[in-house]
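Here are the chains, one letter per residue:
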Amino acid sequence: MKITRALTVVALVVSITSCTKSVSDSPTTDATLQLDATPKEVTLLAYDAFTPVDGIFDTFTKATGATVKVVTGGDTGTLVSKAILTAGNPEADVLWGLDNTFLSRAQKADLLTSYEPVDYGDICVNYDRAWFTKKNIAVPASFEDLALPAYKNLLAVQDAVASSTGLGFVLGTIAHFGTDKWQEYWKSLMANGTHVSADWTTAYTIDFSGSSGKGKYPLVVSYGSSPPAEVVYSESPISEPPTGVIESTCFRQTEYVGSLRGAKNPKLAALLISYLLDTSFQESMPLSLFVFPVNKKAVLPEIFRSFAVTPTTPLEVEPAEIEKNRETWLDQWRDIAIG
């Protein structure tokens, strides 16, 4: 099943017309989707960190008469694994948050009828600015630095089996060191006291010293867009984020949205996907989900432009290569990091 992009974005009016191009064995050719007059509900399945702006779906509901029910199912790895178990008879209509680290796995399981890129960002090591200033220690500048004695017991990463953030960081090390050398690097990381957290939420909000958790680790795997989030959610107004990003560690992550195969409301699912790709929702994402929109008409807010990091040459691994080697790489990582 190939990846497609929406040809056009639907204009949501009382008489709804869908212009979204989907990928399926039998593509729908009808341009107009007739909805029943009775209220309906369309269910969106997403990862736990899906935090859209309050009321963002009101326009969709007003136009279609259908409410959007959001159901969360853990971090991305857990979310996709659960969705695959119910493939063809899903608990929801639309899946949000499948990313390029799990894309081929979902395609192999025929999980979705369409795969639309919906946002992108970068998985990078973040650091606590105040901690390094207070200790008078230079901020590490590379993967190699993280394994040096000067940074012993300072880094928190995520479980790569359950967390797409953790897997993205592992893939970044594979892209950087190569398929035959990354294992030795991880052995040196673990010998240097790297801590494995259960998921992104635990790592960033509890174990990391630079955010709300005030943990003991001043280095954490997070995102290039985490610094503007610190400014937005600061308890008191601040003009600069308390965290920074080590750009050389950034791995590009693209997220997808699509209709789950066997969805009970496929027409509403198509309309919701179009809505998620439209300008209004895309412009809401940078300061709610802290990701970059794929819609080129979407305007980024100033705070996001000022503090989010977008490396010019992010690390990447082809989805087909990930699919071919994922289980082997995860087994190798598990043996090294978990034991």
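Right, let's walk through the structure included here. Just so it is clear, the structure is predicted and the values come from calculations on it, not from any experiment.

### Some remarks on the overall build of the protein chain
A count of helical and extended segments in the protein chain gives 13 helices and nine strands. Considering the protein chain as a whole, with its 339 residues, one finds that 53% of them fall into the buried category. Across the protein chain, every contact between residues at least 6 apart in sequence was considered, and the portion connecting residues at least 24 apart equals 76%. Carbon and sulfur atoms make up 52% of the accessible area of the protein chain, which amounts to about 15100 Å² in all.

### Points about the pattern of salt bridges
A complete count under the given rule lists seven salt bridges for this structure. E323 is the partner of K108 in a salt bridge, and the nearest nitrogen-oxygen pair spans 4.0 Å. On the criterion of sequence distance, the pair formed by K108 in helix α3 (residues 103-108) and E323 in helix α13 (residues 319-337) is long-range, its members being 215 residues apart. If you follow the salt bridges from partner to partner, you end up with K108, E323 and R326 in one network.

### Observations concerning the packing of aromatic side chains
This model, assessed by the stated rule, comprises 19 aromatic pairs. Pairing F143 with Y185 gives two aromatic rings, centres 6.1 Å apart and planes at 80°, and the pair type is edge-to-face. You can see F143 sitting in helix α5 (residues 143-146) and its partner Y185 sitting in helix α7 (residues 182-191), a full 42 residues away along the chain. Y185 matches F143 in its accessibility class, with the two residues each being buried. Ring centres of W200 and Y204 lie 5.2 Å apart, and the angle between their planes is 10°; this geometry places the pair in the stacked category. Note that W200 and Y204 are positioned in helix α8 (residues 200-207) at a spacing of four residues, about one turn of the helix. Judged by its relative accessible area of 4%, Y204 is buried. Through pairs of rings, three or more aromatic residues link up here, namely F50, F57, F60, W96, Y275 and F281.

### Looking at helix α6 (residues 164-177)
For α6, built from 14 residues, the straight-helix expectation of 20 Å at 1.5 Å per residue is met to within 8% by its first-to-last C-alpha distance of 20 Å. With twelve of 14 residues buried, α6 is to be regarded as a mostly interior element. By the burial criterion, the buried members of α6 are S164, T165, G166, L167, G168, F169, V170, L171, G172, T173, I174 and F177. For α6, the N-terminal cap is S163; the gap from its side-chain oxygen to the backbone nitrogen of T165 is 3.2 Å. Looking one or two places after α6, you find G178, whose phi comes out positive at around 95°.

### Looking at the layout of surface pockets
Estimated volume of the largest pocket: approximately 900 Å³. For the lining of the largest pocket, the secondary-structure elements that each account for two or more residues are β4 (116-128), α6, α8, α9 (226-232) and β8 (243-259). Here the lining of the largest pocket takes four residues from α8, the largest share from any one element. Residue composition of the lining of the largest pocket, by class: 13 nonpolar, 17 polar and eight charged.

### Some points on the environment of S142
By secondary structure assignment, the location of S142 is in the loop between α4 (129-135) and α5. Owing to a relative accessible area of 18%, S142 belongs among the buried residues under this scheme. Once the C-alpha coordinates of S142 and E247 are considered, the two residues, 105 residues apart in sequence, prove to be 8.3 Å apart. Beyond its immediate chain neighbours, meaning those up to four positions away, S142 contacts I246, S248 and T249. From its side chain, S142 meets the backbone nitrogen of D145 in a polar contact 3.2 Å long.

### Some thoughts on the pairing of strand β5 (residues 155-158)
The alternating pattern of β5 places L155 and V157 on one face and A156 and Q158 on the opposite face, and all of these are buried. Relative to strand β7 (residues 219-223), β5 runs parallel, the two being bridged by two bridges. Paired with L155 across the strands is L219, a residue of β7. Note that β5 and strand β6 (residues 195-197) share three bridges and pair parallel. Counterpart to V157 in the pairing with β6 is V196.

### Here we look at the side chain of T101
Structurally, T101 can be placed in the loop between β3 (94-99) and α3. The exposure class assigned to T101 is buried, which follows from its relative accessible area of 0%. At 2.5 Å, the side chain of T101 and the side chain of D99 are in polar contact. Those residues in contact with T101 that lie beyond four places of it in its chain are S164, L167, G168, L171, F251, I322 and R326.

### Some words on the packing of α7 against α13
Taken N-terminus to C-terminus, the directions of α7 and α13 make an angle of 25°; their axes are 9 Å apart at the nearest point. When the axis of α7 is compared with that of α13, the two are roughly parallel. Relative to α13, the crossing made by α7 is right-handed. Taking contact as the criterion, the partners of W182, Q183, W186, K187 and M190 in α7 are, on α13, W329, Q332, W333, I336 and A337.

Rules of the game
- Residues numbered from 1 in each chain as written.
- Predicted model: local features only at pLDDT ≥ 70, side-chain atom pairs only at ≥ 80, totals over all residues.
- Heavy atoms only, no water.
- Helix = DSSP H or I, 4+ residues; strand = E, 2+ residues; numbered from the N terminus.
- Buried < 20%, exposed > 50% of the residue type's maximum accessible area, 1.4 Å probe, protein only.
- Contact = heavy atoms within 4.5 Å.
- Areas by Shrake-Rupley, 256 points an atom, 1.4 Å probe, with all protein chains shown as cover.
- Salt bridge = Lys/Arg side-chain N within 4 Å of Asp/Glu carboxyl O.
- Phe/Tyr/Trp six-rings, centres within 6.5 Å; stacked < 30°, edge-to-face > 60°.
- Expected span 1.5 Å × (residues − 1).
- Polar contact = N/O pair within 3.5 Å; in protein donor to acceptor, adjacent residues only side chain to side chain.
- 1 Å grid on protein atoms, 1.4 Å probe; cavity = no way out; pocket = protein on both sides within 12 Å on 5 of 7 lines; lining within 4 Å.
- Points joined across faces, edges and corners; volume = space filled by probe spheres on them.
- Nonpolar A, V, L, I, M, F, W, Y, C, P; charged D, E, K, R; others polar.
- Pairing = 2+ DSSP bridges.
- Axes fitted to C-alpha atoms, helices over the stretch in contact; angles between N-to-C directions.
- Parallel < 35°, antiparallel > 145°, perpendicular 65-115°, else oblique.
- Left-handed = near helix turned anticlockwise from the far one by under 90°.

The analysis is restricted to geometry; functional conclusions fall outside its scope.
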